[in-house]
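# Coordinate inspection notes
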Amino acid sequence: VRLASELKLFDDSSNKIINPKQFVNEILIDATIQDDPKYGKYFILPPHSFALGRTIESFNIPRNILVICLGKSTYARTGLIVNITPIEPEFRGTITLEFSNTTNLPIMLFANEGIAQFLFFNSDEECESSYNDRNGKYQNQIEITGPKI
């Protein structure tokens, strides 16, 4: 999947505690997109930081398919971790991606280029209770979405 041209960083100047049960979107700030004639559009992910991005692609997962999101090895070799996350049967929308820079150096993340890969697992049966059946809280998301509980 490709990284859309928006990325949100956690604003460490806010001195707030991140509470996933009462998440405050104001601690997310837009990363500046830069343009290089040779490399194209990119973001800088600062050392030891965390960011949220999203896929360009939108999904409509069938009821008998489970998807797992994994990072790409090229980025992994730079110290970037893309959170491993499941995408459940009957999820619809874009995927919010989570990135961690584990290094002491900034990492360039390129917009509109491959950033993660998805593994699709096909079942011989449909699931008993899909993401749609449970009114999943991230259903139909089109923007970067922070945690909801």
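Just above, that's the structure.
Residues numbered from 1 in each chain as written. Predicted model: local features only at pLDDT ≥ 70, side-chain atom pairs only at ≥ 80, totals over all residues. Heavy atoms only, no water.

This next bit is on the pattern of salt bridges. Where charged atoms from two side chains of opposite charge approach closely, those side chains can pair. On inspection of all chains with the given rule, the structure shows 7 salt bridges. Glu6 is the salt-bridge partner of Arg54, the closest N and O atoms lying 2.6 Å from each other. Taken as a pair, Arg54 in strand S5 (residues 50–60) and Glu6 in strand S1 (residues 3–10) lie far apart in primary sequence, 48 residues in all. Residue Glu6 is classed as partly exposed on the basis of its relative accessible area, which comes to 26%. Residues Glu90 and Arg63 are paired through a salt bridge, measuring 2.9 Å at the closest nitrogen-oxygen approach. A residue pair is termed long-range when its members are at least 10 positions apart, and Glu90 in the loop between strand S8 (85–87) and strand S9 (92–101) and Arg63 in the loop between S5 and strand S6 (65–71) qualify at 27 residues. Its relative accessible area of 18% is what places Arg63 among the buried residues. When salt bridges that share partners are traced, they join Arg63, Glu90, Glu126 and Asp133 into one network. (Salt bridge = Lys/Arg side-chain N within 4 Å of Asp/Glu carboxyl O. Helix = DSSP H or I, 4+ residues; strand = E, 2+ residues; numbered from the N terminus. Buried < 20%, exposed > 50% of the residue type's maximum accessible area, 1.4 Å probe, protein only.)

Let's shift gears to the pairing of S9. A regular strand places its side chains on the two faces of the sheet in alternate fashion. Burial analysis of S9 places 8 of its 10 residues in the buried class, which makes it a mostly covered element. Alignment of S5 against S9, held across 8 bridges, turns out to be antiparallel. Bridging from a neighbouring strand, Leu52 pairs with Glu98 of S9. (Pairing = 2+ DSSP bridges.)

For the rest of this paragraph, the subject is the environment of Glu98. Within the fold, Glu98 resides in strand S9. Linking Glu98 and Lys16, residues 82 residues apart in sequence, is a C-alpha distance of 19 Å. Contact partners of Glu98, with chain neighbours within four places excluded, come to Phe50, Ala51, Leu52, Ile81, Val82, Asn83 and Thr85. (Contact = heavy atoms within 4.5 Å.)

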